[in-house]
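Residue strings, one per chain:
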Amino acid sequence: MGLLPGTAPETVAQRLADAVVHLPVPAAAVIGTHPMPADIAAQAQALGEQQGLAAAAEEHGTLFARIWFQPSEVLPAEAETVAIALVQVWEEHVQGLATGLISLSCLPAFSQETWFRGAAGCTSLARTSAGPDGLIPAQA
């Protein structure tokens, strides 16, 4: 994600977690903030410069999200489909100057092990505050 300077990643994570209720199915999330590794930050900066966003997106961050939802014909349990739906919801309900979130992308985890290894380094966690009861397991 690309943030305006001074934007708290924890605040953005909470807004993203709360916005998952706008998916077309009952959904809830736990989203953790994670410092972006230097090599990924350099790649993100280079991409931002190519797209003319380098001046605005001076701070970058990585979030690890775990989404629980009830799959349906409208939103099947396919990782790429869910990632696209999440970005659309987040762009509509969170992204903007008022929140400090100016860009984001969502990649499905390549494996459970990779996701857990990354999530273990999270410095804070945000949970959907108005999500449907019973979707997030007690141990999450």
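Note that the coordinates shown come from a computational prediction; the quantities given were computed from them, not determined experimentally.

**A few points about the sheet that holds strand E2 (residues 27–34)**
Thought 1: Read from one edge of the open sheet, 3 strands run E4-E2-E6, paired in antiparallel fashion. Since the sheet does not close on itself, it has two edges, and those belong to strand E4 (62–69) and strand E6 (124–127), each with one partner. Between one strand axis and the next, the sheet turns by 15° as a mean value, whatever way the strands run.
Thought 2: Where E2 meets E4, 8 bridges bridge the pair, whose relative direction is antiparallel. Bridge pairing in E4 links Ala 28 to Trp 68.

**A short note on helix H3 (residues 79–93)**
Thought 1: The end-to-end C-alpha distance of H3, which contains 15 residues, comes to 21 Å, matching closely the 21 Å that a straight helix rising 1.5 Å per residue would cover.
Thought 2: Tucked into the core, H3 has its buried residues touching helix H1 (9–19), E2 and E4.

**Remarks on the pairing of E2**
Within a regular beta strand, the side chains point alternately toward one face of the sheet and then the other, so they alternate between its two faces.
Thought 1: Burial runs high along E2: 8 of the 8 residues are buried.
Thought 2: Both E2 and E6 contribute to a ladder of 4 bridges, which runs antiparallel. Pairing of Thr 33 across the sheet is with Ser 124, part of E6.

Quick notes on the rules
Residues numbered from 1 in each chain as written. Predicted model: local features only at pLDDT ≥ 70, side-chain atom pairs only at ≥ 80, totals over all residues. Heavy atoms only, no water. Pairing = 2+ DSSP bridges. Helix = DSSP H or I, 4+ residues; strand = E, 2+ residues; numbered from the N terminus. Axes fitted to C-alpha atoms, helices over the stretch in contact; angles between N-to-C directions. Expected span 1.5 Å × (residues − 1). Contact = heavy atoms within 4.5 Å. Buried < 20%, exposed > 50% of the residue type's maximum accessible area, 1.4 Å probe, protein only.

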